[in-house]
Structures are given as C-alpha cells and as structure tokens.
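Here is what each chain is made of, one letter per residue.
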Amino acid sequence: MGLVASVNHLLNFVAPAFFLALGLAVCARIFKQNKAGAQSFIAQVAINFILGSLVLLAGLWLFSRDGKMASYASLVLVSAFCQWVLSRSWR
C-alpha cells in the first residue's frame, strides 16, 4: 500500500470522530441557554476529536477490525459525555 492509500485509509478511519466532534460543538453553540462554555469552539472540536479517535483506535485494537457497531456506539457515548462536561451542563 502506498503513501496516498495509507493516508486515505487513516482519514477515512478518523472521519466519524471528526464529523461527530464538529456536529456536537455546533449543536452545543445552537442549543446552549446562556451558559458559559468551558472551552472555545475549536478546543471543543479538538478535544472531542482526540477522544473519539482514541475510542475508535481502542475498538480497532479490541475487535481486531474496523467498523464494528460497538465501536461506533462507544464513540457516540464518549463524545456525548465529553461534550456534556465541556459545556458544563451539570450546573
């Protein structure tokens, strides 16, 4: 596999984590009710993306293959919890 194909596979592997992180940060901005967020928009996307990528990597390691629904369910749960913490929604 060449360099271009490797980069393409890597980008396709982390794409769900990136778009979920971006969507969560956008929705947090739209639906927040005068609450001061802990982080900026870019920081929220970056933190959610990093944690989401780690969850997908853990799912790849645990199941020995990519694309298991358990990995994607874990991605959604961890990302939602992370966004809940970043938005300080417990207050």
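For the structure, see preceding data.
Conventions adopted
- Residues numbered from 1 in each chain as written.
- Predicted model: local features only at pLDDT ≥ 70, side-chain atom pairs only at ≥ 80, totals over all residues.
- Heavy atoms only, no water.
- Helix = DSSP H or I, 4+ residues; strand = E, 2+ residues; numbered from the N terminus.
- Expected span 1.5 Å × (residues − 1).
- Bend = angle between axes of the 7 residues up to and from the residue.
- Buried < 20%, exposed > 50% of the residue type's maximum accessible area, 1.4 Å probe, protein only.
- Patch = residues over 30% accessible without salt bridge, like charges linked within 9 Å, V, L, I, M, F, W, Y side chains within 5 Å.
- Areas by Shrake-Rupley, 256 points an atom, 1.4 Å probe, with all protein chains shown as cover.
- Salt bridge = Lys/Arg side-chain N within 4 Å of Asp/Glu carboxyl O.
- Core = buried A, V, L, I, M, F, W, Y, C linked by side-chain atoms within 4.5 Å.
- Axes fitted to C-alpha atoms, helices over the stretch in contact; angles between N-to-C directions.
- Left-handed = near helix turned anticlockwise from the far one by under 90°.
- Contact = heavy atoms within 4.5 Å.
- Nonpolar A, V, L, I, M, F, W, Y, C, P; charged D, E, K, R; others polar.

Q: Now, about helix α1 (residues 3–31): what can you tell me, with residues and values included?
A: In a regular helix each residue adds 1.5 Å, so 29 residues correspond to 42 Å; α1 covers 41 Å between its end C-alpha atoms and thus fits that length. A bend of about 45° at Val 14 is the largest found in α1, and the proline Pro 16 appears one to four places after it. Buried residues of α1: Phe 13, Val 14, Ala 17, Ala 21, Ala 25 and Ala 28, and no others.

Q: Let's hear about a nonpolar patch on the surface: which residues, and what values?
A: Taken together, the side chains of Ile 47, Ile 50, Leu 51, Leu 54, Leu 57, Leu 60 and Val 78 make up a nonpolar region of the molecular surface, amounting to roughly 530 Å² of accessible area. In terms of residue count, the dominant contributor to the nonpolar patch is helix α2 (residues 41–63) (6 residues). Structurally, Val 78 is set in helix α3 (residues 69–86).

Q: Quick one: what's the story with the nonpolar core, residue by residue and with numbers?
A: Counting 6 residues, the largest nonpolar core is built from Phe 13, Val 14, Ala 17, Val 55, Leu 56 and Leu 75. It is α1 that provides the largest number of residues to this core, a total of 3 residues.

Q: I'd like a rundown of the packing of α1 against α3, residues and numbers included.
A: At their nearest, the axes of α1 and α3 sit 10 Å apart, and the two run at 35° to each other. Where α1 crosses over α3, the handedness of that crossing is right-handed. Every residue of α3 that contacts α1 at Pro 16, Ala 17, Leu 20, Leu 24, Ala 25 and Ala 28 is listed here: Tyr 72, Leu 75, Val 76, Ser 79, Ala 80 and Gln 83. A per-class count over the contact of α1 with α3 returns 10 nonpolar, 2 polar and no charged.

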